Amino acid sequence: MGNNKTAAGCLGFGVGARVFCSIAVAIVALGVQQSAQGQQDPGRFEIRSASVELQSGVYYLDAWVEYRLSFEAREALEAGVALTLQTEVEFLRNRRFWFDDQEASLRQSYELQYRALSARYLVMNLNSGEQSSFATLFSALNFLGRITELPLIDAALLDSDAVYDIRIRAVLSTDDIPGPLRLLAFWRRDWSLQSEWYRWRLGE
Amino acid sequence: MGVLMWFAALMLFSPLAQDSEDFSRALPWILLINLVGIALLLVLILGSVLRLMRDYRRHVPGSRLKARMMTLLVALAVTPLLIIYAFAVQFINRGIDSWFDVDVAQGLGNALELSRTALNLQTREHLGDVLSMAQQLGSSNRADIVAELGELRRESGAAELTIFAANDQILATSSENPEYTVPRPPTDEVIFQLRQRGPSVSLEPQMEGSFLSLESQAEGGYVRLEPLVEGGYEILAAVNLSPETPGGEAPILQARFEVGQRISVLANLVEASYDEYAELSYLRDALKTNFTVMLTIVLLITLLAAVYGAFFSARRLVVPIQQLMAGTRAVARGDFDTRLPIPARDEIGFLINSFNDMTQRLARARKQASLSQQQVEDERRKVEVILARLSTGVVSLETDLRIRTANRSAGTILGVDLEAHLGESLVTLAETNQLLSQFLSVSRSHLDRGDYEWREQIVLHGDVGRRVLMCTCTALSGEREDPGGYIIVFDDITALLQAQRDAAWGEVARRLAHEIKNPLTPIQLSAERLRRRYLGAHYADSELLDRATHTIIQQVAAMKEMVNAFSEYARTPEMAMARFDLNQLIAEVADLYRHPEQPLTLQLHVDPELPIVEADAGRMRQVFNNLISNALESMERQTDKEIIISTRHLQRDGVELIEIKVVDNGPGFLDDVVDHAFDPYVTTKDKGTGLGLAIVKKLIEEHGGQISARNGERGGAEIAILLPVTREAGDAMLFATHRYDKRRERA
């Protein structure tokens, strides 16, 4: 009698357990599938060097950014998806007893696109509107990576007495990627490409 | 709520139209909200499952039912959901895949190839132009270079023509555009290519470390098709010019040609289509993933909601059943006041209604029963009180003569505490009881014969003497013909009989006295006359006369005395009640008998705390006189005479009594006399009237007291008197049930 009871009870719970297990497996499989693809090149953005020069009252930025796109990003690019790369520059005022205050910031955006007909990689400076084309992705990324004499800010706008830090980073923007990718971009690392903040003191 | 949002979102989402930007942007957030919802549901469900398991193990009522219902509902909900889910996922995946036709891709690719080829023709043509221009410039004068440049440009139809020296210095330029814009210098790519003199294959390094081979289009020339951001194309061509000085850097001639509007547009369209298809094709997997994820989320939410709903419904359905179970248990324990709330107007509600109704009825019935029981109890108690105070003995017996009930009087009359032996057999009790065995034998003589209804006067002989009982027996109704038991009701009529006898005697005495007295006086008078007349003269028989008349007169006097004694016995003058000290009275009477010549030891053991008694002093004197003289007479032949008179104050049944004992050390009563000691004319003496004790008894009984006689342990006579202290007590005694001194009986 007791055995029957427990058997029935276990059966009931067994069914429930099986149901839950199957769903859990499905989710895990989905995740595994995703992660399996992630075995390919995840990509990496890195600021190799950066410096600022004061020339006739204006700060100019020279920087070298190494762009390595992830496999996914490259696939998207080759299929015609336009990628937006952004360089963010921030001026931080050092404060002794509180957090640093972000006094000024600048964002430089570029659009990278592959044109199938001409088989060329098009780079467009979204700030200035200039365009350049390249035969290979490598040269396009190289071009993007070399920032020369980018005007940042008038020296007059900064407080001469205060101590400032500058930091820059490079980011693959996901604002304008196509809808279906947006969901994936939400949690996948190959789409959330950005470099670390590269920070140094102004004046050194 | 998340499901509704999702549903709406699903409606908006169309597989081809990616233009629902707002939805796309909101997608991750919707997803997040739903995941939170799922997590919440999981937690709730887990909680419910744990609770159910704990209840199941503890055998909480209703838990098994809940578990069964739960699993059933879950199975019912989950199965179709899973089936639909599986199918939906399949459909979507297959559907999406079916849109992407290989033929279409092929076609688009071909179109692109065609466009490219068309444009390539132009590019080669323009390269040729630039090469020829370069040759022309090489052989011309440097001074007119600008003018020549302009002419060459117009001839060739280029949009812009520029000569760049080394380090991007512009040597000369000509532009179609009136607004002068600085020509862009040749890029590294161009320069790199041009540096390779002669046809060569240049290798463009790629990121992964491989190389892309670029064929040089012509000898020392560079041309490319440049896509414009705003749409349309231009062709860029560049060649080396002969250097100024031999061995120096060669200047570069760069030309920009616009591609024809019509071709541009078409090419753009083709590329656009191709791009779009390529993008879609690329996004195919992402799309499938999206849909699957959304479906899974929807499935999970629906599933978990269904499961939780199952828990909820199961619990709600089981609650009234649990309440019912609890209610049933309460009722079994005896708590009839449980009322269950009615959950709904369905069958379970009906059941609970019936339950409430039932308990209500039970409660009412129980109350009724307890009331009836109470009434019965009250009645029984009343009867008990009556029986207890009844002077008649009531004994009820089972058919096997076991005592069912007995009242106090029954015990008193029969001399056995029957109340303490309820349930025991009368037969066994009677073995140790003289009176009871006699009573029993008479009863059995009737009952064994089958005579259940009888009435008989029984005489019992015991230590205290004779008792006459008037017994009546009836049978209790039992099953069919046989009786369920017997009730025997008996009254002790000994006193009654005795009183009757006494009254009869009294009456006889009175009459006799009167009748006898009448002739006595004339006899005496006659005798006296005779003596007077004939005694003085000297007759011959004067001595005889003297003796005879003397005898006559003497005997008549004796008879008169006897008759007077009778009269006295029969007469009942008014009682002259007075309050006095009894001890003193006894002492006074005793003193009369203390003569120095009388060898009598008269001891008084009186109770110093004896209360003042209310009685007729004269009668009491007579009592003691009679008793003492009686004792003396019985001890006439003894030399060592001893009489002990003792008094004691006691209480019996709330009545204040004085116990007086007169004990002598004489021969005592004879066995056949002791029972009738107080009867008139019961005497062993030669002389005396034989009424002494009878008178004493009468006097005592007039006070409402009791008297009894027996032989003491030492052989002498022992008279015991119970005298009530007051008149009220005396009245109470007269009306009270006949009480025997149990101590005396047992002694």
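What counts and what doesn't
Numbering of residues starts from 1 in each chain and follows the order in which that chain's sequence is written. Chain labels run from A onward and ligand labels from 1 onward, assigned in the order the entries are written. Side-chain atom pairs in this predicted model are given and counted only at pLDDT of 80 or more, local residue features only at pLDDT of at least 70, and totals for whole chains, interfaces and linings cover all residues. Secondary structure is summarised from DSSP: a helix means a run of H or I of at least four residues, a strand means a run of E of at least two, and numbering begins at the N terminus for each. Counting other C-beta atoms within 10 Å of a residue's own tells you its class, since 20 or more makes it buried, 12 or fewer makes it exposed, and anything in between is partly exposed; those C-beta atoms are placed from the backbone. By the convention adopted here, residues make contact when the C-beta atoms placed from their backbones lie within 7 Å. A score between 0 and 100, pLDDT records how confident the predictor is in each residue. Note on geometry: axes are C-alpha line fits, over the in-contact stretch for helices, and angles between N-to-C directions span 0 to 180 degrees. Here roughly perpendicular refers to angles of 65 to 115 degrees, roughly parallel to angles under 35, roughly antiparallel to angles over 145, and oblique to all remaining angles. In this scheme the crossing of two helices becomes right-handed for a clockwise turn of the near helix relative to the far one and left-handed for an anticlockwise turn of less than a right angle. For this scheme, ten residues count as nonpolar: Ala, Val, Leu, Ile, Met, Phe, Trp, Tyr, Cys and Pro. Four count as charged, namely Asp, Glu, Lys and Arg, and the remainder, Gly too, count as polar. For a helix, the expected span equals 1.5 Å multiplied by the number of residues minus one. In this description, one arc is meant: the one made by directions from the helix axis to the C-beta atoms. Strand pairing is assigned whenever DSSP identifies at least 2 bridges connecting the two strands. When buried Ala, Val, Leu, Ile, Met, Phe, Trp, Tyr and Cys residues are joined through C-beta atoms within 7 Å, the set is termed a nonpolar core.

The next point concerns the overall build of chain A. A tally of regular secondary structure across chain A gives 4 helices and 9 strands. Listed N to C, the secondary structure of chain A is α-β-β-α-β-β-β-β-α-β-β-α-β in terms of helices and strands. Across the 204 residues in chain A, those meeting the buried criterion constitute 32%. Summarising the internal contacts of chain A: among those between residues at least 6 apart in sequence, 63% fall at separations of at least 24.

Glancing now at the confidence of the model for chain B. Residue and element names in this part refer to chain B. Looking at chain B, the pLDDT average stands at 81 and 88% of residues meet or exceed 70. Element-level mean pLDDT values for chain B span from 40 in helix α19 (residues 742–746) up to 91 in strand β19 (residues 717–724). Within the model, the stretch residues 13–19 combines pLDDT values under 50 with 6 contacts to residues more than four positions away or in other chains. Contacts from residues 737–747, a stretch scored under 50 in pLDDT, to residues over four places away or in other chains number 15 contacts. The ipTM value of the predicted complex is 0.73, and its pTM value is 0.51.

This part is about the packing of helix α14 (residues 582–592) of chain B against helix α15 (residues 617–634) of chain B. Residues and elements named next belong to chain B. Taken N-terminus to C-terminus, the directions of α14 and α15 make an angle of 45°; their axes are 10 Å apart at the nearest point. Looking at the two axes, α14 sits oblique to α15. Seen along the crossing, α14 lies across α15 with a hand that is right-handed. For the pair α14 and α15, the contacting residues are L585, I586 and V589 in the first and A617, M620, R621, F624, N625 and I628 in the second. Here the residues of the contact of α14 with α15 are counted per class, giving 7 nonpolar, 1 polar and 1 charged.

Residue and element names in this part refer to chain B. The end-to-end C-alpha distance of helix α11 (residues 434–447) is 20 Å, a good match for the 20 Å that 14 residues give at a rise of 1.5 Å each. Listed in full, the buried residues belonging to α11 are L435, L436, F439, L440, S443 and L447. Taken down its axis, α11 places every buried residue within 120° of arc, on the same side. In α11, those exposed residues whose orientation departs by more than 90 degrees from the buried face are S441 and S445.

Residue and element names in this part refer to chain B. With antiparallel pairing, the 5 strands of this open sheet are ordered in space as β2-β1-β7-β6-β5. In this open sheet, the two edge strands, each paired with only one partner strand, are β2 (170–175) and β5 (221–227). Across the sheet, the axes of successive neighbouring strands diverge by a mean angle of 15°, strand direction being ignored. Strand direction decides the pairing type here: strand β1 (residues 160–164) and β2, joined by 5 bridges, are antiparallel. Directly across from T162, in β2, lies its bridge partner T173. Lying over the sheet, helix α5 (residues 145–156) contacts β1 and β2, oriented at roughly 40° with respect to β2.

So, on to the nonpolar core. All names here are of chain B. Grouped together as the largest cluster of nonpolar side chains are 104 residues, with contacts concentrated most on A237 and L253. Discounting residues that sit within four places of it in the chain, A237 has contacts with H126, L127, V130, G221, Y222, V223 and A255. By size, the runner-up hydrophobic cluster in this structure holds 41 residues, among which are Y569, L657, L699 and V725.

A few words on the packing of helix α3 (residues 63–99) of chain B against helix α7 (residues 261–333) of chain B. Residue and element names in this part refer to chain B. Here α3 crosses α7 at 165°, and the two axes come no closer than 9 Å. Taken together, the axes of α3 and α7 lie roughly antiparallel to each other. Handedness of the α3/α7 crossing: right-handed. Split by residue class, the contact of α3 with α7 holds 26 nonpolar, 4 polar and 4 charged.

All names here are of chain A. Sheet topology places strand β3 (residues 83–93) next to strand β4 (residues 101–115); 11 bridges connect them, and they run antiparallel. By the bridge assignment, T87 is partnered in β4 with Q108. Where β4 meets strand β5 (residues 120–125), 6 bridges bridge the pair, whose relative direction is antiparallel. Counted as the bridge partner of E111 is M124 from β5. Counted along the chain from β4 to the antiparallel partner β5, the turn is 4 residues long, and its residue A119 has a positive phi close to 50°.

With that settled, consider the confidence of the model for chain A. The predicted model of chain A has a mean per-residue pLDDT of 79, with 79% of residues at 70 or higher. Low pLDDT, under 50, characterises residues 1–12 of chain A; the predicted model gives this stretch 6 contacts beyond four residues in sequence or across chains.

Looking now at the environment of I166(A). All names here are of chain A. In this structure, I166 sits in strand β8 (residues 164–173). Using a count of 22 C-beta atoms within 10 Å as the deciding quantity, one classes I166 as buried. Separated by 114 residues in sequence, I166 and V52 have C-alpha atoms that sit 8.8 Å apart. In contact with I166, not counting residues within four places along its chain, are V52, V89, F91, W200 and L202.

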